[in-house]
Amino acid sequence: MAGLQQTNSEKILLSWVRQSTRNYPQVNVINFTSSWSDGLAFNALLHSHRPDLFDWNAVASQHSPVQRLDHAFNIARQHLGIEKLLDPEDVATACPDKKSILMYVTSLFQVLPQQVTMEAIREVEMLPRHSKVTREEHIQVHHQQRFSQEVSYFTFLLPSCCSKVVVVYLLCKFDV
């Protein structure tokens, strides 16, 4: 049941983002990973609710995703009181961490107007479920799944008080 609730929350959040960024042709948010890596989605989301804070064209014309991300995070911190929870370099990748993006977008959702139409939710439900996965992404997912199975095996063999420490150590050691 918790998984279903999370899916619905993500759907509503994605609907809100898409509805908010609809008037920005350079922005097409379809997920909580790669759609955010160039920095345009964060800036469009902010600009759609607070156009008084910055010139959209000046930000959109910046060549560096890191600069655009840094700009969005600084605007959110200075004007909305949202701490800079993400490093631009960590987001400006082919596949940024979904949970980190969700956490930050949820922070924006909490301070910006939150009206979501049923039309926007239906639009999200019609998005393709699976995007085209590159060979590198497939290998990365395969390694993560294999690593996850190995971690499960190790935690099964250890007493519960030790398993969390081992998992954290393994996650840090293997950079997962």
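Residues numbered from 1 in each chain as written. Predicted model: local features only at pLDDT ≥ 70, side-chain atom pairs only at ≥ 80, totals over all residues. Heavy atoms only, no water.

Participant: Help me out: how do you make sense of the overall build of the protein in this one?
Facilitator: Along the protein, the regular secondary structure elements total nine helices and zero strands. Per-residue burial over the protein gives 35% buried out of 176 residues. Nonlocal contacts in the protein, meaning residues at least 24 apart in sequence, comprise 60% of its contacts between residues at least 6 apart. When the accessible surface of the protein is summed, it comes to about 11,400 Å², and 55% of that surface belongs to carbon and sulfur atoms. (Helix = DSSP H or I, 4+ residues; strand = E, 2+ residues; numbered from the N terminus. Buried < 20%, exposed > 50% of the residue type's maximum accessible area, 1.4 Å probe, protein only. Contact = heavy atoms within 4.5 Å. Areas by Shrake-Rupley, 256 points an atom, 1.4 Å probe, with all protein chains shown as cover.)

Participant: Explain the pattern of salt bridges to me, please; I cannot follow it from the model alone.
Facilitator: Side chains that differ in charge, positive against negative, can pair when their charged atoms come close. Within this structure, the stated rule accounts for four salt bridges. One salt bridge connects E125 with K11, and the closest N-O pair in it is separated by 3.5 Å. Here E125 is found in helix 7 (residues 118-125), whereas its partner K11 is found in helix 1 (residues 2-20), with 114 residues between them in sequence. With a relative accessible area of 36%, E125 lands in the partly exposed category. (Salt bridge = Lys/Arg side-chain N within 4 Å of Asp/Glu carboxyl O.)

Participant: In this structure, what is going on with the nonpolar core? I would like to understand it.
Facilitator: Side chains that are nonpolar tend, in soluble globular proteins, to be buried together. Ranked by internal contacts, the top residues of the largest apolar core, which has 37 residues, are W16, W36, F42, V105 and L108. Elements with a contribution of two residues or more to this core: helix 1, helix 2 (40-49), helix 3 (56-60), helix 4 (65-80) and helix 6 (98-111). When near neighbours in sequence (up to four residues on either side) are disregarded, F42 contacts W36, L69, A72, F73, L86, V91, I101, Y104, V105 and L108. (Core = buried A, V, L, I, M, F, W, Y, C linked by side-chain atoms within 4.5 Å.)

Participant: Could you clarify how one ought to interpret the environment of Q67 in this entry?
Facilitator: Relative to the elements of secondary structure, Q67 occurs in helix 4. With a relative accessible area of 44%, Q67 lands in the partly exposed category. Along the sequence, Q67 and G39 sit 28 residues apart, while their C-alpha atoms lie 8.0 Å from each other.

Participant: Just checking my understanding: could you explain the confidence of the model for the protein for this structure?
Facilitator: Any residue range with low pLDDT should be treated as having predicted coordinates unsuitable for detailed reading. Averaged over all residues, the pLDDT of the protein is 78; the fraction at 70 or higher stands at 69%. Element-level mean pLDDT values for the protein span from 39 in helix 9 (residues 160-173) up to 98 in helix 2. Low pLDDT, under 50, characterises residues 1-6; the predicted model gives this stretch zero contacts beyond four residues in sequence or across chains. Confidence over residues 141-176 falls short of pLDDT 50; this stretch has 13 contacts with residues more than four positions distant or in other chains. (pLDDT = per-residue confidence, 0-100.)

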